[in-house]
Amino acid sequence: MRRRGRPHGGRRPLRRLQRVRLPGVPPLLRVRAPGGHPELPPVQDPLQAPQGEPPGGGRRGRGGHRRPRARVQHRRRQAAAAAWRPAEQPHHEAIPLWLTSIVCEIWFAVSWILDQFPKWYPIDRETYLDRLSLRYEREGEPSMLSPVDLFVSTVDPLKEPPLVTANTVLSILAVDYPVDKVSCYVSDDGASMLSFESLSETAEFARKWVPFCKKFSIEPRAPEFYFSRKVDYLKDKVQPTFVQERRAMKREYEEFKVRINALVSKAQKVPDEGWIMKDGTPWPGNNTRDHPGMIQVFLGHSGGLDTEGNELPRLVYVSREKRPGFQHHKKAGAMNALIRVSAVLTNAPFMLNLDCDHYINNSKAIRESMCFLMDPQVGRKVCYVQFPQRFDGIDAHDRYANRNTVFFDINMKGLDGIQGPVYVGTGCVFRRQALYGYNPPSGPKRPKMVTCDCCPCFGRKKRKGGKDGLPEGVADGGMDGDKEQMMSQMNFEKRFGQSAAFVTSTFMEEGGVPPSSSPAALLKEAIHVISCGYEDKTDWGLELGWIYGSITEDILTGFKMHCRGWRSIYCMPKLAAFKGSAPINLSDRLNQVLRWALGSVEIFFSRHSPLLYGYKGGNLKWLERFAYINTTIYPFTSLPLLAYCTLPAVCLLTGKFIMPPISTFASLFFISLFISIFATGILELRWSGVSIEEWWRNEQFWVIGGVSAHLFAVIQGLLKVLAGIDTNFTVTSKATGDEDDEFAELYAFKWTTLLIPPTTLLVINIIGVVAGISDAINNGYQSWGPLFGKLFFAFWVIVHLYPFLKGLMGRQNRTPTIVIIWSVLLASIFSLLWVRIDPFTVKAKGPDVKQCGINC
Ligand SMILES: O=c1ccn([C@@H]2O[C@H](COP(=O)(O)OP(=O)(O)O[C@H]3O[C@H](CO)[C@@H](O)[C@H](O)[C@H]3O)[C@@H](O)[C@H]2O)c(=O)[nH]1
Ligand SMILES: [Mn+2]
């Protein structure tokens, strides 16, 4: 690996940025190293690297999400041990065990390296929203901020309650951004009349909600979460009418909820003749697998005003056409349909995509992203700005590592220092041109025009305020030579599909729609671009838009952009930009992790495998590739992990041991190893602000997910590759947030086969411990020494699986007595039996301490 290229590659341009000052206008953002010590980031000496291990990882893990989560302390220790163990003489009897452990350790060492290297250069960023306003929102002039199209995806109103989606939509409509520059597109993949009608109710309610939010600058602007916040809302509020208006608004919201709930209960049973709309015509989406495309525009400049007489952002309902025999490509397909609809109707140069349960928690979120995207320095090469995923409603101890802070606060920041964070599917603002499969503009980062302070600095040479403030006409927008060439050579219709209106829109780098077009014509075109055959024989999903081929379309989509040489940015405002919900129930969580891992395996075996893809242009940085390999290969670690969790039990039950007796030198080596692991771990936690508890949860869940979900993902992934069995996207259920018992979900028990392997491991290890102890009791006191080592490993497995055990037991104050009684009973019966029968120790052979490690 080229060491030179490593840390500097990501950093240098960002640094330079700091130095740029437009006369009178300071930069919009600043990069600084964590903790404010620019020279202090924990960049480790590569020579020392193998000794330190990061606190787990894990995507999304999505981080955990997916993501590369790796690293268990044990593994670290074992990884290091791997270096010397092969040299040691194994016990002859234990050779298969010993071999297994060596193979596992080598794999652990490799995956550790993959996880550790991309964390060497973490960075923190700051944004200056006041400078953004200073530059783009001058007094007496129309705002020059770029328009944004926001996408919300929903699919199943039963698992994704309409009230949740409504809150997301309301937070978007009330966002702190010029109204005429915001358009919200809701994709309904379930073609459900319930989603449609509740969106229509939401649009009505927005007329009251939006002016209220803006008048009192409340946060967050999703009513459910605003009203349930347990804070003193009188503090700092000076307007005398606030209390009164808040109370009135709360009542309005309660009524709105009643209306939505009424719609939901009405939707429980499908009438025989199918759904009928308010105007008496049948709902076109009655057959969810065979229906035409549907579009309905609410609000916007022809849609009436809010209660204060102001315009509201446009809100568009979109349900793409579905026909049998056509692949719809799940979420990725839905997003691509939205790209085209929005290109035809509004064509904003940037778009933000959100899952239906991810609302805007910080109303300035879009502005935050614009600090990067509209920055004259770095902006042009930035394909997207990713925000961390933050969650509501997670149990206090975050039993199943839903928050995934190790991923979002360590791994992602580390990636930002290389070529940028991976895309995690939601809370991400894209540059439209980057999704069209173009390469980033070449040439100097600093555009020549940045010379005077009267210049808005961002390619607005031809901008003429259109009717709604959007620029008109085809912008020349500094199109690059190679792109122009590409344009003349390529057959655009082949690339983008048969819509002239859409193709024209792709030329407008600064967005906007031709002023001549009539709304009716635009809508007709919009229906055309969401027809199910539209993408046939085009580059959609292959080179354009969200990329198909994996149920974790996000990783793939971001990967393609990085391969083209784009850079992404990680933005973490103090007040979380977006918040979502996460499955706090064990089975749901395991299924989610299964889907992520399966998506990774799919990518690993696809033509986009980061091991093999994208060397040609040489645009993907080395360490970024490492990170992507890690993100797609991590599920395979489940195999050695499974073996490793079985070993202690096998050792205890058979009396064999894989560890040779340790010499003084070796123990010194071990101790220093432990100390350095500990030190790097502490450092990492210090710069990232991740707590020990969060880190530990992540470790535990890495093992739990590893021996269940990841394992199944590897099997299903292989089945897909070898037998062509397709994978499906099981949507995670979202809680409504207004249940009586907030955590009822946490304790709900739902059976799934994913539970079998960890349960088995738990049982055999517990049995192993019981057997080992009773055996030692039986054999007297000199057998305790060797036993200790084995017990240690068994305990290691058990403590890691502990949250899983809790999940199996259900609600703590109900089941446990019986569970405890049973396990104590079973354990004592078992150990008594063990002492009597003792099947493994061959007593006849006589004592051979050297061979089995136990004095028998
Ligand atoms: O056919 C489909 C399936 C799903 N979705 C939407 O996809 C989103 C994500 O689904 P969810 O079940 O909430 O998945 P999570 O595991 O919580 O999501 C994470 O992981 C996904 C990839 O597996 C990403 O797409 C998400 O953005 C990311 O938040 C939701 O808005 C769905 O409505 C569709 O629009 N169409
Ligand atoms: Mn989700």
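Residues numbered from 1 in each chain as written. Chains lettered and ligands numbered in written order. Predicted model: local features only at pLDDT ≥ 70, side-chain atom pairs only at ≥ 80, totals over all residues. Heavy atoms only, no water.

The cut-off we apply is this: UniProt positions are given in the numbering used here, feature names are shortened, and annotations may be inferred rather than shown by experiment.
The name recorded for the protein chain in an unreviewed UniProt entry is cellulose synthase (UDP-forming), from Triticum turgidum subsp. durum. Regarding the protein chain, the UniProt comment filed under Sequence similarities (unreviewed entry) reads as follows: "Belongs to the glycosyltransferase 2 family. Plant cellulose synthase subfamily." Annotation of the protein chain in UniProt includes, under Pathway (unreviewed entry), the sentence "Glycan metabolism; plant cellulose biosynthesis."

### Some words on the UniProt feature "active site" (unreviewed entry) in the protein chain
Our working rule: Here a strand is any run of E in DSSP of at least two residues, a helix any run of H or I of at least four, and the numbering for each starts at the N terminus. In this analysis, two residues are considered to be in contact whenever any of their non-hydrogen atoms come within 4.5 Å of each other. The buried label applies to any residue whose accessible area, calculated with a 1.4 Å probe on protein chains only, is under 20% of its type's maximum; exposed applies above 50%, and partly exposed to all values in between.
Mapped onto this structure's residue numbering, the UniProt feature "active site" (unreviewed entry) falls at Asp-189 and Asp-554. Here Asp-189 shows up in the loop between β5 (182-188) and α6 (193-216). Excluding residues that lie within four positions of it along the chain, Asp-189 makes contacts with Thr-154, Val-155, Arg-320, Lys-322, Lys-330 and Ala-334. Looking at the secondary structure, you find Asp-554 in helix α17 (residues 553-563). Since its relative accessible area comes to 2%, Asp-554 is described here as buried.

### Observations regarding the sheet that holds β5
Hydrogen bonding along the main chain pairs the strands of a sheet, whether they run parallel or antiparallel. The criterion, for reference: Any two strands with at least two DSSP bridges between them are considered paired. Each axis is a line fitted through C-alpha atoms, taken for helices only over the stretch in contact, and angles between the N-to-C directions span 0 to 180 degrees.
The strand order across the open sheet built from eight strands is β6-β7-β5-β4-β8-β12-β10-β13, with neighbouring strands paired in mixed fashion. This sheet does not close on itself; its edge strands, each paired only once, are β6 (294-299) and β13 (567-570). Taking the axes of each pair of neighbouring strands and ignoring which way they run, one obtains an average angle of 20° across the sheet. The sheet contact formed by β6 and strand β7 (residues 314-319) spans six bridges and is antiparallel. Paired with Leu-299 across the bridge in β7 is Arg-314. Lying over the sheet, helix α5 (residues 162-173) contacts β4 (148-154), β5, β6, β7 and β8 (350-355), oriented at roughly 175° with respect to β4. Sheet strands touched by α17: β10 (382-386), β12 (428-431) and β13. Its angle to β10, the strand with the most contacts, is close to 145°.

### Here we look at the site of ligand 1
Note the cut-off: Residues are labelled near a given molecule or strand when at least one of their non-hydrogen atoms is within 4 Å of it. Definition of a polar contact: a pair of N or O atoms within 3.5 Å, with one able to donate and the other able to accept a hydrogen when the atoms are protein atoms, and with sequence-neighbouring residues admitted only if both atoms are side-chain atoms. Computed with a 1.4 Å probe, the accessible areas rest on the Shrake-Rupley method; for each residue, only the protein chains presented here act as cover. Note on residue categories: nonpolar means Ala, Val, Leu, Ile, Met, Phe, Trp, Tyr, Cys or Pro, charged means Asp, Glu, Lys or Arg, and polar means any other residue, Gly included.
Lining the immediate environment of ligand 1, one finds 28 residues, of which Lys-331, Asp-355, Glu-553, Thr-732 and Lys-734 sit closest. One of the backbone N or O atoms of Gly-425 is found 2.9 Å from an oxygen atom in ligand 1. Take Gln-592: an N or O atom from its side chain is 2.9 Å from an oxygen atom of ligand 1. Summarising the interface, the protein chains cover 97% of the accessible area of ligand 1, which totals 680 Å² for the free molecule. At three residues, the largest contribution of residues to the shell around ligand 1 is made by helix α18 (residues 586-604). Of the residues belonging to the shell around ligand 1, the class tally is seven nonpolar, eight polar and 13 charged.

### Looking at the packing of aromatic side chains
The criterion, for reference: Whether two aromatic rings pair depends on their centres lying within 6.5 Å, for rings of Phe, Tyr and Trp, where Trp uses its six-membered ring; planes under 30 degrees apart make the pair stacked, over 60 edge-to-face, and the rest tilted. Note on criteria: charge over ring means Lys NZ or Arg CZ within 6 Å of the ring centre, with the direction from the centre no more than 35 degrees off the ring normal.
Applying the stated rule across the entire model yields 40 aromatic pairs. With centroids separated by 6.1 Å and ring planes inclined at 45°, the aromatic side chains of Phe-196 and Phe-298 adopt a geometry described as tilted. Residue Phe-196 is located in helix α6, and its partner Phe-298 is located in strand β6; the two are separated by 102 residues in the primary sequence. We note that Phe-196, like Phe-298, is buried. A centroid spacing of 5.6 Å and a plane angle of 85° characterise the contact between Phe-792 and Phe-793, whose relative ring orientation is edge-to-face. Take Phe-793: its relative accessible area is 11%, and that puts it in the buried class. Members of the aromatic cluster, each reached through a chain of ring pairs, are Phe-205, Trp-209, Phe-212, Phe-216, Tyr-226, Phe-227, Phe-242, Tyr-253 and Phe-256. Sitting over the face of the ring of Tyr-438, Arg-495 holds its NZ or CZ atom 5.7 Å from the ring centroid.

### Re empty space enclosed by the protein
To keep it simple, the criterion reads: For cavity detection a 1 Å grid was placed over the protein atoms alone, and a set of points counts as a cavity when a 1.4 Å probe fits there but cannot get out; an open set counts as a pocket when protein lies on both sides within 12 Å along at least five of seven lines, with lining residues being those that have an atom within 4 Å of a point. Grid points are joined across faces, edges and corners, and a volume is the space filled by probe spheres set on the points.
A volume near 110 Å³ is recorded for the largest cavity. Looking at the lining of the largest cavity, its residues break down into seven nonpolar, five polar and two charged.

### Quick word on helix α10 (residues 365-373)
Counting buried positions along α10 yields nine of nine residues, so the element is predominantly enclosed. Listed as buried for α10 are Ala-365, Ile-366, Arg-367, Glu-368, Ser-369, Met-370, Cys-371, Phe-372 and Leu-373.

### Concerning the environment of Asp-588
Along the chain, Asp-588 falls in helix α18. On a C-alpha basis, the gap between Asp-588 and Lys-750 in space is 8.2 Å, while along the polypeptide they are 162 residues apart.

### Considering the side chain of Gln-700
Mapping Gln-700 onto the fold places it in helix α22 (residues 692-723). At 2.8 Å, the side chain of Gln-700 and the side chain of Arg-697 are in polar contact. Not counting the four nearest positions on each side in its chain, Gln-700 is found in contact with Val-799, His-800, Tyr-802 and Pro-803.

### Some thoughts on the sheet that holds strand β14 (residues 578-581)
Ordered by their spatial adjacency, three strands build an open sheet running β9-β14-β11, and the pairing between neighbours is mixed. Two strands bound the open sheet, and with one partner strand each, they are β9 (359-360) and β11 (390-392). As defined by bridge partners, β11 adjoins β14 across three bridges and the pair is classed as parallel. Note that in β14 the partner of Phe-391 across the bridge is Gly-580.

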